[in-house]
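So you can see what is in the structure, the chains are spelled out below.
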Amino acid sequence: MKNNVDISVDYEINGFTMAIIPVEMEGNLYSKVLEEEAEIYVALPPMKIMEDSCNFYGSSFEGRKQGTKGISGYTHKPPIVVDPMNDIFFFPTASPTNENCIWISLHYAYEYKKTPVATTKVTFPNNTIVEFPISKTSYEAQVHRTSLFRAKLQQRVNRKRNNANRSLVATPGMMYRLRGNKDLQC
């Protein structure tokens, strides 16, 4: 571990967050956060960063987890939409309750390959290369599950938006009666 590392006391996931990796420092479980242009050490475990970030964006982690289950049916290693408005989706490399669980952003997860020792080497867009302790098959399954969850959520929102827009348009030539008001002619 690096000497004299600056350690932040909190962190919210954002559009530049690529991965959250557990690290042991000073006898405690901390996080190394990889961003596009920075590497940040945070005095919180990855799961706490996920929980705090979900809260920051208006939901609890448990609420996001239940939402994933309701939309996709995934209960094991569920992908999490941290912030749906900014398209921030993360997936875990292990059970979220496992302290060795790494969280990876779907947005940055696309270039990866198998290593000879059954791990997965990920190349992020900023050319940072990280070898994660997960098989390529499992990593790829998590990318696909998260992508499918994202697509299903997007379809649901778009369908609801389209239906809502249609219901706001009055039928021409119809008479509408408002309670306690006079008839309106369109």
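Just so it is clear, the structure is predicted and the values come from calculations on it, not from any experiment. (Residues numbered from 1 in each chain as written. Predicted model: local features only at pLDDT ≥ 70, side-chain atom pairs only at ≥ 80, totals over all residues. Heavy atoms only, no water.)

**Q** Looking at this structure, I do not really get the packing of aromatic side chains. What am I missing?
**A** For any pair of aromatic rings, the description rests on two quantities: the centre-to-centre distance and the angle between the ring planes. This structure, assessed with the given rule, holds six aromatic pairs. Their ring planes at 90 degrees and their centres at 5.0 Å tell us that Phe56 and Tyr57 sit as a pair that is edge-to-face. Considering the side-chain rings of Phe124 and Phe132, the 6.4 Å spacing of their centres and the 85 degrees angle between planes classify their relative orientation as edge-to-face. The exposure class of Phe132 is buried, given its relative accessible area of 1%. Ring-pair connections join several aromatic residues into one group, and the members of that group are Phe91, Tyr112 and Tyr139. The cationic tip of Arg145 hangs over the ring face of Tyr74; the distance from NZ or CZ to the ring centre is 4.1 Å. (Phe/Tyr/Trp six-rings, centres within 6.5 Å; stacked < 30°, edge-to-face > 60°. Buried < 20%, exposed > 50% of the residue type's maximum accessible area, 1.4 Å probe, protein only. Lys NZ or Arg CZ within 6 Å of the ring centre and 35° of its normal.)

**Q** Honestly, the nonpolar core in this entry has me stumped. Any pointers?
**A** Nonpolar side chains in soluble globular proteins tend to end up buried together. Ala19, Ile21, Leu34, Ile104, Phe124, Phe132 and Tyr139 are the most contacted members of the largest nonpolar core, which totals 24 residues. Of all the secondary structure elements, the ones that give two or more residues to this core are β2 (17-25), β6 (88-92), β10 (129-132) and α3 (136-167). Top element by residues in this core is α3. It accounts for four residues. In this structure, Met50, Phe61, Val82 and Cys101 belong to the second largest nonpolar core, which totals 19 residues. (Core = buried A, V, L, I, M, F, W, Y, C linked by side-chain atoms within 4.5 Å. Helix = DSSP H or I, 4+ residues; strand = E, 2+ residues; numbered from the N terminus.)

**Q** Please explain helix α2 (residues 61-72) as it appears in this structure.
**A** The α-helix advances 3.6 residues per turn, and as a result positions three or four apart in sequence lie on the same side. With 12 residues, α2 should reach 16 Å at 1.5 Å per residue; the first-to-last C-alpha distance of 16 Å fits that figure. For α2, the set of buried residues is Phe61, Arg64, Thr68, Ile71 and Ser72. Burial along α2 is one-sided: seen end-on, the buried residues are contained in an arc of 95 degrees. One or two positions beyond α2, positive phi appears at Gly73, with a value near 85 degrees. (Expected span 1.5 Å × (residues − 1). Arc of directions from axis to C-beta.)

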